[in-house]
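A look at the structure
One letter stands for each residue in the lines below.
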Amino acid sequence: MASIQRQGSSGSDSDPRYANVDERKRKRMISNRESARRSRMKKQKQMEDLVNEINHLESANAMLKQNIDSSVQRYVEMESANNILRAQAMELTDRLRSLNSVLQIWAEISGINVEIPEIPDPLMKPWQLPCPMQPLVASADMLQD
């Protein structure tokens, strides 16, 4: 029985009809191996590209987070400074009203006509400056860290 199997498996070696089929199988096997090797290499390259893209995106994400944190910190600082300036503006407005009322009383007592301008409420119309004649001085350093 073993000789029958052997003859069946090696029978194609001696038969010229099967020699061409075996050669095609061998070529197909070589072609399949090469194709599989190319597929593995392509998959490995894709993985390397994806890893590189992940690293690049993580780096960009870290930079964006750092920029956001820095911007938030500057915003908080500006908001704090703005609140201080609003409080100072309110205090100065109250002082000016007090001084204007003293000036008005003095004008009534002395009989001298004094023109006392109306004091705008800085919180009602913050875009209107109370003293538009004075230039605003600003520098780039004010916006830096």
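Predicted model only: the values in this text are computed from it and were never measured.

Across its full length, the protein chain carries two helices and zero strands. Among the 145 residues that make up the protein chain, the fraction classed as buried is 4%. Surface exposure of the protein chain reaches about 13,600 Å², of which carbon and sulfur atoms provide 59%.

For the rest of this paragraph, the subject is the pattern of salt bridges. A side chain with one charge may pair with a side chain of the opposite charge, provided their charged atoms come close. On inspection of all chains with the given rule, the structure shows six salt bridges. In this structure, Lys 45 engages Asp 49 in a salt bridge whose closest nitrogen and oxygen atoms are separated by 3.1 Å. Within this pair, Lys 45 and its partner Asp 49 are both found in helix α2 (residues 16–110), separated by four residues, close to a single helical turn. Here Glu 91 and Arg 95 are joined by a salt bridge, their closest N and O atoms 3.1 Å apart. Residue Glu 91 and its partner Arg 95 are located together in helix α2, separated by four residues, close to a single helical turn. Connected through shared salt-bridge partners, Glu 34, Arg 37 and Arg 38 make up one network.

Now for the environment of Asn 100. Take Asn 100: it is sitting in helix α2. With 16 residues separating them along the chain, Asn 100 and Ile 116 place their C-alpha atoms 6.8 Å apart.

So, on to a nonpolar patch on the surface. A grouping of Ile 68, Val 72, Tyr 75 and Val 76 is seen on the molecular surface, where their side chains present a nonpolar patch of about 410 Å² in accessible area. Its place among the elements puts Val 76 in helix α2.

Attention now moves to the side chain of Asn 100. Asn 100 sits in the buried class, given a relative accessible area of 15%. Once residues lying within four places of it in the same chain are set aside, the contact partners of Asn 100 are Ile 116, Pro 117 and Ile 119.

About the cut-offs
Residues numbered from 1 in each chain as written. Predicted model: local features only at pLDDT ≥ 70, side-chain atom pairs only at ≥ 80, totals over all residues. Heavy atoms only, no water. Helix = DSSP H or I, 4+ residues; strand = E, 2+ residues; numbered from the N terminus. Buried < 20%, exposed > 50% of the residue type's maximum accessible area, 1.4 Å probe, protein only. Areas by Shrake-Rupley, 256 points an atom, 1.4 Å probe, with all protein chains shown as cover. Salt bridge = Lys/Arg side-chain N within 4 Å of Asp/Glu carboxyl O. Patch = residues over 30% accessible without salt bridge, like charges linked within 9 Å, V, L, I, M, F, W, Y side chains within 5 Å. Contact = heavy atoms within 4.5 Å.

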